[in-house]
Amino acid sequence: MTIDYNILARDYDLTRTANINIINLFADRLPLDGKIILDFGCGTGNFAYAIKKLTSADMYGVDPSEGMRTQALTKGLDVRCGDHASVPFDDNFFDFIYMTDVIHHVPDMKTMFCELSRVLKPSSHICILTESHRQLETRFWVKYFPAVVATEKKRYPDIPDIINAAKIAGFDEFNVDVTDMESDFTISDEFVRIVEKKGYSMFRLIEEADYQAGLVELKKDFINKIIIHSNHGETLIWLKKREENL
């Protein structure tokens, strides 16, 4: 089963709002003001738009989906058609490149890292926001949709695999931030609506019977206001381009 992101773009902003905590983590590691920054796999441009509003950075985006780019362009962003094998910018153009929840869509990490190295200035950084295989298991909705774990692990490269692919292409590991945090909450009506719309692509990749059974149980716990305990987060992999890759 494949996903048409031109169709998914219609509801994409429902699930992909910019996370200010992640933007703060970017800013804690690197000065963003005045920098030339690429949002690789920018989708509808929520992160790029937020950074543009909060800083004086010169923001660009790349995404292969016309539907995603069309929405990003409405936010006044410079967004171009590109993918892991072709980033339409000059050599040594960017000061910083980041990607949020994108790496699992990349079919060839070695090709991607070589291309990103080409457009990134020497000694500059990439940040990859993703989830480790352990974190995929701790998503609270796994209780309702256990089939997503195996599906997601097939899609998501684990953290060591990403770092090894980057090193082959001329990057060094700079830092790894893990944002796991314990929390207790009840299921929101917004999350139920997202699941009903299959706003996360993983719900489009499991069997329909598994999806429907999980949705029934999710709605029960929503109606009964069941307290959910979670200890989950994301991983930010920081990479630095080697100076000799000029």
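Calculation rules
Per chain, residues are indexed from 1 in the order of the written sequence. Thresholds applied to this predicted model are a pLDDT of at least 70 for local features of residues and 80 or more for the giving and counting of side-chain atom pairs; totals over whole chains, interfaces and linings are not thresholded and use all residues. With hydrogens and water set aside, each side-chain value is computed from the structure's full complement of heavy atoms. Think of a salt bridge as a Lys or Arg side-chain nitrogen and an Asp or Glu carboxyl oxygen that are within 4 Å of each other. Under the DSSP-based scheme used, a helix requires at least four consecutive residues in state H or I and a strand at least two consecutive residues in state E, with every element numbered from the N terminus. Note on classification: 1.4 Å probe, protein chains only; a residue is buried when its accessible area is under 20% of the maximum for its type, exposed when over 50%, partly exposed between these limits. Within this scheme, the nonpolar core is defined by two criteria: the residues are buried Ala, Val, Leu, Ile, Met, Phe, Trp, Tyr or Cys, and they are joined through side-chain atoms within 4.5 Å. Residue contacts are defined here by distance: any two heavy atoms, one from each residue, within 4.5 Å place the two residues in contact.

1. Observations concerning the pattern of salt bridges
Part 1: According to the stated counting rule, one finds 16 salt bridges in the structure shown.
Part 2: Asp177 serves as the salt-bridge partner of Arg29, at 2.8 Å between the closest nitrogen and oxygen. Pair noted here: Arg29 is in helix H3 (residues 20–29) and Asp177 is in strand E6 (residues 171–178), with a separation of 148 residues, a long-range link.
Part 3: Residue class for Arg29 comes out partly exposed when judged on its relative accessible area of 35%.
Part 4: Between Lys219 and Glu196 there is a salt bridge, with its nearest N and O atoms 2.9 Å apart. Placement of the pair is Lys219 in helix H11 (residues 208–223) and Glu196 in helix H10 (residues 189–196), with a sequence separation of 23 residues.
Part 5: Among the residues examined, Lys219 registers a relative accessible area of 31% and is labelled partly exposed.
Part 6: Among the residues examined, Glu196 registers a relative accessible area of 39% and is labelled partly exposed.
Part 7: Taken together, the shared-partner salt bridges connect Glu131, Arg139, Glu152 and Arg155 into one network.

2. Considering the nonpolar core
Part 1: Membership of the largest hydrophobic core comes to 29 residues, with the highest contact counts inside it found for Leu38, Phe40, Ile97, Phe113 and Ile128.
Part 2: Excluding residues within four positions of it along the chain, Leu38 makes contact with Tyr60, Gly61, Val62, Val87, Phe89, Phe94, Phe96, Ile97 and Tyr98.
Part 3: Counting 22 residues, the second largest nonpolar core, distinct from the first, contains Ile23, Cys42, Ala72 and Cys127.

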